[in-house]
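Each chain is listed here by its residues.
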Amino acid sequence: MHKYFIRTPWLVRKAFASYTWKMPSEGEKIYLSFDDGPHPEITPWVLDRLKEHGVLATFFCIGNNVKRYPGIYERILAEGHAVGNHSYSHMNGWKTPVKEYVEDVQKASGLIKSSLYRPPYGRIRKAQAKQIGEDLSAGEAGIIMWDVLSADFDRSFSPQQCLNNVTRHARPGSIVVFHDSEKAFRNLEYALPGTLNFMEERGYRAEKIVV
């Protein structure tokens, strides 16, 4: 039994309605996002796949990785993708004091200029969200969650199952989560090209997140 939802339930989205879970559903648009990069090999691979299909996405970057691989971060921006803050050191908000957590996010903000923030593991407390929302020009709407999880990070899923998680649940306006990380790559390597092909076949367009 997995301790997370592949498709975020309506009640969860309603309970935390100040965060962004989906984008407007007008038009056949889906919003692909990638967490935990930049990675020196996997992020360029992702960028190459996106470029082949002529689509844009949003990369929620870890500050420490941006510091280590600034050239790859600059490539993300140069190719027209959006970036978001994913904290500096990937802290779990449920297990971290508010001050320490907010300072970690602010440290990442020194490297990642964005009004978008995604909490690692999707775990953030209201006091943390309130302070971070005040730091974002978009307020708490700039805290970007998701409604479809590929679960590419989970080795108990096969690559085909990860692809199915996306193709069975994504709808216009969906925010879909992948990870440009070593842990996820076995599944990502199959699921991302499959998702891009699926979107082309269905007439969906991939867009970056703007709030």
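Our subject is the structure listed above.
These remarks concern the structure in this document. Along every chain, residues carry numbers that run from 1 in the direction the sequence is written. Only residues with pLDDT of at least 70 are given local features in this predicted model, and only at 80 or more are side-chain atom pairs given and counted; all residues enter the totals for whole chains, interfaces and linings. The basis for the side-chain values is all heavy atoms of the structure; hydrogens and waters are excluded.

Quick look at the nonpolar core
Residues grouped as a nonpolar core are buried Ala, Val, Leu, Ile, Met, Phe, Trp, Tyr and Cys residues, joined through side-chain atoms within 4.5 Å. Exposure classes here rest on a 1.4 Å probe applied to the protein chains alone. A residue is buried below 20% of its type maximum, exposed above 50%, and partly exposed in between. Ranked by size, the top nonpolar core spans 37 residues in total, and within it Leu 32, Phe 34, Val 46, Phe 59, Phe 178 and Leu 192 carry the most contacts. Every helix listed is a DSSP run of H or I at least four residues long, and every strand listed is a run of E at least two residues long, numbered separately from the N terminus. Breaking this core down by element, the ones donating at least two residues are β1 (29-35), α2 (42-53), β2 (58-61), α4 (70-78), α7 (159-169), β5 (175-179) and α8 (182-202). In terms of residue count, the dominant contributor to this core is α8 (six residues). Two residues qualify as a contact provided that any one of their heavy atoms is within 4.5 Å of a heavy atom in the partner residue. Once residues within four sequence positions are removed from consideration, Val 46 is found in contact with Phe 34, Phe 59, Asp 180, Leu 188 and Leu 192. By size, the runner-up hydrophobic cluster in this structure holds 23 residues, among which are Met 23, Ile 124, Val 177 and Ile 209.

Observations concerning the environment of Asp 135
Tracing the backbone shows Asp 135 in helix α6 (residues 126-135). C-alpha of Asp 135 to C-alpha of Asn 64: the two residues are 71 residues apart in sequence and 20 Å apart in space. Excluding residues that lie within four positions of it along the chain, Asp 135 makes contacts with Val 102 and Gln 106. Pairs of N or O atoms are called polar contacts if they sit within 3.5 Å, as long as, within protein, a hydrogen donor faces a hydrogen acceptor (for residues adjacent in sequence, only side-chain-to-side-chain pairs). Within the structure, Asp 135 has its side chain in polar contact with the side chain of Gln 106 (distance 3.0 Å).

So, the packing of α7 against α8
At their nearest, the axes of α7 and α8 sit 8 Å apart, and the two run at 35° to each other. For the pair α7 and α8, the crossing hand works out as right-handed. Two secondary-structure elements touch here, α7 through Pro 159, Gln 160, Cys 162, Leu 163, Val 166 and Thr 167 and α8 through Arg 186, Asn 187, Tyr 190, Ala 191, Gly 194, Thr 195 and Phe 198. Three categories are distinguished: nonpolar for Ala, Val, Leu, Ile, Met, Phe, Trp, Tyr, Cys and Pro, charged for Asp, Glu, Lys and Arg, and polar for the others, with Gly belonging to the last. Per-class residue counts for the contact of α7 with α8 are seven nonpolar, five polar and one charged. Between N-to-C directions, angles span 0 to 180 degrees; the directions come from axes that are lines fitted to C-alpha atoms, helices contributing only their stretch in contact. Crossing handedness is read from the near helix: turned anticlockwise from the far helix by less than a right angle, it gives a left-handed crossing, and turned clockwise, a right-handed one.

Remarks on the side chain of Asp 104
Position of Asp 104 among the secondary structure elements: in helix α5 (residues 98-109). Once you skip the residues sitting within four places of it in the chain, Asp 104 turns out to touch Ser 87, Tyr 88, Ser 89, His 90 and Met 91.

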